[in-house]
Amino acid sequence: MDTRLHQNGAKGQRSKLPHTTVQRLLTRGLPSSCSWFLWRQPGEFPVTAFLLGAGTGGLLAIGLFQLLVNPMNIYEDQKMTALYGLVGFGAVGWGTSPHIRCASLLLVPKMLGKEGRLFVLGYALAAIYEGPVANLRHNLNEVVASLGCTVELQINNTRAAWRVSTAPLRAVFKDLLGSKESLREEAQNISNSFKDLDAQVNSEAGYTTEDAPGWEETAQGVRTHRAVASRHHLSTQKMYELKTKLRCSNVVNQAILSCRRWFDQKHEQCMQRIWVPLLKHLLCVPMKFKFFCGIAKAMGVWCRSRIPVEGNFGQTYDSLNESICGLSGEFSATIDLKEEKQAGLLGLNTSWEHVSTEVGDYVRRQEAQLEWGLGLLHMLLSCTFLLILRASFSYIDSYNGDIRFDNIYISTYFCQIDERRKKLGKRTLLPLRKAEKKTVIFPYDPTIQASEMRNVVRELVETLPVLLLLLVVCGLDWALYNIFDTIRHHSFLQYSFRSSHKLEVKVGGDSMLARLLRKTIGALNTSSETVVESNNTPCLPQPVCLSARAYLRATLPLGLLVCLCLLQASGYRLRRVIAAFYFPKREKKRILFLYNELLRKRAAFTQLRRAAIVRQARQQRAPRHHLADILHRLCPLLRPWLRRRCVVCQAPETPESYVCPTPDCEAVYCRSCWDDMRQRCPACTPREELSSSAYSDSNDDATYAE
């Protein structure tokens, strides 16, 4: 008996005309049993509904986990806990609550709305951060690392040049220290040989005391060198100068004597050659001019004023004498090096050897911060999904609680009500007037309608900052890459350090001093040829250019964001369809309320629109700027925008438009609006002649839900 009643109820329900397009499509496309199940009454098929709902909810929860939770950088046990929680919540919710099922499906249209755009906006920012911004930071870090490497390369090249240039000097000192024993033997030989030099300095040969008249005492002092030196405290320089002067005077005296002997010899020869007595004496008289030999005495003055003895001969001799005496001591040598440390540049209190390490650590810290920021951004994006879920539940609450909420759609049931009233001969609403069409939405019209256009334009404007950010970042990344790439190709430096020296000191002779000099100065006889070549190739910056695929990955989320703005109208229409599927009785009440509300407004249409009509009429009566008249006359293409418009529906003026003949009014009406106004101009008709119900726009109209 219960089965028969159930079948009769199902047949009666099936015989009813579907109130929604979704119901019509599902009824035609699905088997009758599925249709019965979908349009069942509350309490029917409880077990089947629970099992199917639990399975569907569990699968959706697993997909949600893979989309949001699995990419997060958390521990595996935390991921498993989140997975179990989501699957359990989804299974229980879908199996028991139509609100949860409806809210889950509303996620799809909500993703096309502002909440979904917020979610996609996060991914767009993450794509910009991972793409151009990350590449920009990488290129900047490459430049920083290049600078550090260049500094270290300069230091290494300077150190190598210093070592190469000082290598001969170090080799000389090393050879000197290695030949210490031989130097000691040579020094002993020199000390023995210095006695001959001392004897030469102390020699009294080359002068006599008779050759220097007036110097008898000095000459006597020279003869007794040590006694006189001790008595008069004469230095070695003074003593050697006296001896040199005496030797110079001896040379002058010998020259005078030689000159006189020459004159005597020539006079004798002259007298022998000329035998004429008188003539002989006359012609040989010049040979008697011995006084010319006194000219040589001028050299004596030179000997006294310009002694050919160096002024530091005595000092050098005494120093040499002391050095010879000191050669018997120990021979040793030490090299002292003093290192001065300076603070690094820009307050960097570290040595230059650590510059590269510091720069590398800085670059690694920057990369770690970048990875941390990306992880945080991904976590925030996952949390953003909670806002979408909350918005879905909020829409359901507003849909069931506020009958005016998002109640502006001319649905199938609305058309059925109007058709039924038309058959009964009652007042109908369809087709709607132009002014009424601006306040409602026809869900079957694929174009974006007036109520939806404002929101679409606003959302598109809100995407402009992100678009500008992408353009600026991509442009900056491209510009910096070209700059750094130019630097890399035109900043190649080849360091070439060539050191070639050949020092050869030849000391001739076989004396002790010569051998000593060969042992000492001969150590400088070194030759070397060093070639050090390097370049700055490892230090050149290696900028990375983003590929077309990387730019595409950075641009796709923004393109998706723009598409979501354009698809927002379709998404918002879809959410009403989903809510109507799960709450059909509530949808019927909402449509009945909308129909009755439009009937009430249609009855008082003139009064409700009077304030806006008067306002538009006043704007038309205002004198138009002369520039507008000029453009209207000269530019035919601009005339559609410069023409007057209907004060009711804002349609452009046409030849069929009606202009109010009342003086100082001249309000423009299109023919359909003039008929809707019952051929009476609300702008110039007194208020008393109109209905006294209302004179302003209603504030209780249903609005477009965002």
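Calculation rules
- Residues numbered from 1 in each chain as written.
- Predicted model: local features only at pLDDT ≥ 70, side-chain atom pairs only at ≥ 80, totals over all residues.
- Heavy atoms only, no water.
- Helix = DSSP H or I, 4+ residues; strand = E, 2+ residues; numbered from the N terminus.
- Buried < 20%, exposed > 50% of the residue type's maximum accessible area, 1.4 Å probe, protein only.
- Contact = heavy atoms within 4.5 Å.
- Areas by Shrake-Rupley, 256 points an atom, 1.4 Å probe, with all protein chains shown as cover.
- Salt bridge = Lys/Arg side-chain N within 4 Å of Asp/Glu carboxyl O.
- Phe/Tyr/Trp six-rings, centres within 6.5 Å; stacked < 30°, edge-to-face > 60°.
- Core = buried A, V, L, I, M, F, W, Y, C linked by side-chain atoms within 4.5 Å.
- Expected span 1.5 Å × (residues − 1).
- Polar contact = N/O pair within 3.5 Å; in protein donor to acceptor, adjacent residues only side chain to side chain.
- Disulfide = S-S within 2.5 Å.
- Axes fitted to C-alpha atoms, helices over the stretch in contact; angles between N-to-C directions.
- Left-handed = near helix turned anticlockwise from the far one by under 90°.
- Nonpolar A, V, L, I, M, F, W, Y, C, P; charged D, E, K, R; others polar.
- Patch = residues over 30% accessible without salt bridge, like charges linked within 9 Å, V, L, I, M, F, W, Y side chains within 5 Å.
- pLDDT = per-residue confidence, 0-100.

## Focus: the overall build of the protein
Turning to step 1, where the next piece is worked out: The number of helices and strands found in the protein is 28 helices and four strands.
Turning to step 2, where the next piece is worked out: Within the protein, the fraction of its 706 residues that count as buried is 34%.
Turning to step 3, where the next piece is worked out: Summarising the internal contacts of the protein: among those between residues at least 6 apart in sequence, 76% fall at separations of at least 24.
Turning to step 4, where the next piece is worked out: Total accessible area on the protein is roughly 43,700 Å²; 60% of this is exposed by carbon and sulfur atoms.

## Some words on the environment of Phe-291
Turning to step 1, where the next piece is worked out: Mapping Phe-291 onto the fold places it in the loop between α13 (277-283) and α14 (298-305).
Turning to step 2, where the next piece is worked out: Overall, Phe-291 belongs to the exposed group, its relative accessible area being 59%.
Turning to step 3, where the next piece is worked out: Expressed as a C-alpha distance, the spacing of Phe-291 and Arg-260, which sit 31 residues apart in the sequence, is 8.6 Å.

## Concerning the pattern of salt bridges
Turning to step 1, where the next piece is worked out: Considering all chains together, one arrives at seven salt bridges under this definition.
Turning to step 2, where the next piece is worked out: One salt bridge in this structure joins Asp-406 and Arg-575, with 3.6 Å as the shortest N-O distance. Taken as a pair, Asp-406 in the loop between α16 (355-401) and α17 (412-424) and Arg-575 in helix α23 (residues 568-582) lie far apart in primary sequence, 169 residues in all. Note on accessibility: Asp-406 and Arg-575 belong to one class, buried.

## What about the packing of aromatic side chains?
Turning to step 1, where the next piece is worked out: Counted under the stated rule, the structure contains seven aromatic pairs.
Turning to step 2, where the next piece is worked out: Ring geometry for Tyr-395 against Tyr-399: centres 6.2 Å apart, planes inclined by 25°, an arrangement best described as stacked. Placement of the pair is Tyr-395 and Tyr-399 together in helix α16, with a separation of four residues, close to one helical turn.
Turning to step 3, where the next piece is worked out: The class of Tyr-399 is buried, set by a relative accessible area of 0%.
Turning to step 4, where the next piece is worked out: On the basis of an interplanar angle of 55° and a centroid distance of 5.2 Å, the ring pair of Tyr-669 and Trp-674 is categorised as tilted. Each member of the pair, Tyr-669 as well as Trp-674, is classed as buried.

## Overview of the nonpolar core
Here is a general trend for soluble globular proteins: nonpolar side chains tend to be buried in one another's company.
Turning to step 1, where the next piece is worked out: Counting residues in each nonpolar core, the largest one holds 17 residues, and the members touching the most others are Val-647, Val-648, Ala-667, Tyr-669 and Cys-681.
Turning to step 2, where the next piece is worked out: Every element with two or more residues in this core is listed here: α25 (605-621) and α28 (671-676).
Turning to step 3, where the next piece is worked out: In this structure, Trp-94, Ile-100, Leu-106 and Phe-583 belong to the second largest nonpolar core, which totals 13 residues.

## Quick look at helix α4 (residues 46-69)
Turning to step 1, where the next piece is worked out: Taking 1.5 Å of rise per residue, the 24 residues of α4 would be expected to cover 34 Å, and the 32 Å separating its terminal C-alpha atoms lies within 8% of that figure.
Turning to step 2, where the next piece is worked out: Residues Ala-49, Gly-53, Ala-54, Gly-57, Gly-58, Ala-61, Phe-65, Leu-68 and Val-69 constitute the buried set of α4.

## Side note on unusual backbone geometry
Turning to step 1, where the next piece is worked out: The peptide bond linking Leu-430 to Pro-431 adopts the cis configuration, its omega dihedral lying at -5°.
Turning to step 2, where the next piece is worked out: One non-glycine residue, Asp-406, lies in positive phi territory at about 55°.
Turning to step 3, where the next piece is worked out: The class for Asp-406 is buried, based on a relative accessible area of 1%.

## Quick look at the side chain of Thr-412
Turning to step 1, where the next piece is worked out: Here Thr-412 shows up in helix α17.
Turning to step 2, where the next piece is worked out: In this structure Thr-412 comes out as buried when scored by relative accessible area, which is 11%.
Turning to step 3, where the next piece is worked out: There is a polar contact of 2.3 Å between the side chain of Thr-412 and the side chain of Tyr-444.

## Brief notes about helix α20 (residues 464-490)
Turning to step 1, where the next piece is worked out: End to end, α20 covers 39 Å across 27 residues, agreeing with the expected 39 Å (1.5 Å per residue, within 8%).
Turning to step 2, where the next piece is worked out: Looking only at α20, the buried set comprises Val-466, Leu-470, Val-473, Cys-474, Asp-477, Leu-480, Tyr-481, Phe-484 and Asp-485.

## Comments concerning the state of the cysteines
Turning to step 1, where the next piece is worked out: Across all of its chains, the model carries three disulfides by this definition.
Turning to step 2, where the next piece is worked out: Across a sulfur-sulfur distance of 1.9 Å, Cys-259 and Cys-293 are joined as a disulfide pair. Disulfide Cys-259-Cys-293: torsion about the S-S bond near -75°, hence left-handed. Highlighted residues: Cys-259 in helix α12 (residues 236-273) and Cys-293 in the loop between α13 and α14, separated in sequence by 34 residues.
Turning to step 3, where the next piece is worked out: Each disulfide pairs two cysteine sulfurs, and for Cys-270 the partner residue is Cys-284, the sulfurs being separated by 2.0 Å. In this structure, the disulfide formed by Cys-270 and Cys-284 twists by about -90° around the S-S bond and is classed as left-handed. Taken together, the residues Cys-270 in helix α12 and Cys-284 in the loop between α13 and α14 connect sequence positions 14 residues apart.

## Here's the deal with the environment of Glu-358
Turning to step 1, where the next piece is worked out: Inspection of the secondary structure puts Glu-358 in helix α16.
Turning to step 2, where the next piece is worked out: The spatial distance from the C-alpha of Glu-358 to the C-alpha of Ala-145 is 9.5 Å, given a sequence separation of 213 residues.

## Here's the deal with the packing of α4 against helix α5 (residues 76-96)
Turning to step 1, where the next piece is worked out: Viewed as axis vectors pointing N to C, α4 and α5 meet at an angle of 145°, and their least axial separation amounts to 7 Å. Crossing of α4 against α5: the hand is right-handed. On the side of α4, the interface is formed by Ala-49, Phe-50, Gly-53, Ala-54, Thr-56, Gly-57, Gly-58, Leu-60, Ala-61, Ile-62, Phe-65 and Val-69, while α5 contributes Lys-79, Ala-82, Leu-83, Leu-86, Val-87, Gly-90, Ala-91, Trp-94, Gly-95 and Thr-96.
Turning to step 2, where the next piece is worked out: Of the residues belonging to the contact of α4 with α5, the class tally is 14 nonpolar, seven polar and one charged.

## Notes on a nonpolar patch on the surface
Turning to step 1, where the next piece is worked out: A cluster of nonpolar side chains, namely Ile-448, Met-453, Val-457, Val-461, Leu-464, Leu-467, Leu-468, Leu-471, Val-562 and Leu-566, defines an oily patch on the protein surface of about 810 Å² accessible area.
Turning to step 2, where the next piece is worked out: Listing elements by their share of the nonpolar patch, those giving two or more residues are α19 (450-462), α20 and α22 (548-566).

## Side note on the confidence of the model for the protein
Turning to step 1, where the next piece is worked out: Here the protein shows a mean pLDDT of 75. Residues at 70 or above account for 74%.
Turning to step 2, where the next piece is worked out: Here residues 342-352 scores under 50 on pLDDT; set against residues more than four positions off or in separate chains, the count is seven contacts.

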